[in-house]
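The primary structure of each chain is shown beneath.
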Amino acid sequence: MAIAALKTQRRNLVQSMFDEGVLDNQFNQLQDLQDSSNPNFVEEVISLFCNDAERIITELNRYLNDQNVEFSKLDSYVHQLKGSSSSIGAYRLKLACVNLRQASEERNMEECAGAFNSIRREYYVVRSKLQVLIQLERHIVNLENQQ
């Protein structure tokens, strides 16, 4: 497949993530930081984000399944995930974090469970789409290096 077609596919994928509200403008700013001196910057940031998010989601799950939920620790992890989501531009995931923080502040376990399920769902959506983006980026770079 030609490089131009792959770049169009990449551009369309990113635009669809914006249109769906999966990403916000922060992701554009992240992409702007990538240049020829650091061609893998976005991929590295995405990888760090995913590793961190999976660790935090595991911890959130553990805290929510405790009989005596430690809401202060829960809030701390949600705050971390919200910050990571904001920095990468994962808009819907950030909103899901806001909902869990609010439910946690209200000590509403039913709302916490629903909000946590939203966090997981939004994380899996953003992760899968970003993985496709990374594959496109790698393919484009490989083709450009062959020229």
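The preceding data block contains the structure.
Residues numbered from 1 in each chain as written. Predicted model: local features only at pLDDT ≥ 70, side-chain atom pairs only at ≥ 80, totals over all residues. Heavy atoms only, no water.

Undergrad: Tell me about the packing of aromatic side chains, and please be specific about residues and values.
TA: The final tally for this structure, using the stated rule, is three aromatic pairs. Each ring, one from Phe49 and one from Tyr123, has its centre 6.3 Å from the other, and the planes form 55°; the classification is tilted. Here Tyr123 lies in helix H6 (residues 109-146) and Phe49 lies in helix H3 (residues 41-65), a separation of 74 residues in the sequence. Take Phe49 and Tyr123: they sit in the same class, and that class is buried. Their ring planes at 35° and their centres at 5.6 Å tell us that Tyr63 and Tyr77 sit as a pair that is tilted. Remark: Tyr77 occurs in helix H4 (residues 71-88) and Tyr63 occurs in helix H3; sequence separation between them is 14 residues. (Phe/Tyr/Trp six-rings, centres within 6.5 Å; stacked < 30°, edge-to-face > 60°. Helix = DSSP H or I, 4+ residues; strand = E, 2+ residues; numbered from the N terminus. Buried < 20%, exposed > 50% of the residue type's maximum accessible area, 1.4 Å probe, protein only.)

Undergrad: With reference to specific residues and values, describe the pattern of salt bridges.
TA: Side-chain pairs of opposite charge can arise where the charged atoms are in close proximity. As enumerated under the stated definition, the model contains 10 salt bridges in all. Between Asp52 and Arg55 there is a salt bridge, with the nearest N and O atoms lying 2.5 Å from each other. With Asp52 and Arg55 both in helix H3 and three residues apart, the pair spans about one turn of that helix. As a salt-bridge pair, Arg92 and Glu122 come within 2.8 Å of each other at their nearest N and O atoms. With Arg92 in helix H5 (residues 91-105) and Glu122 in helix H6, this residue pair connects regions lying 30 residues apart in the sequence. (Salt bridge = Lys/Arg side-chain N within 4 Å of Asp/Glu carboxyl O.)

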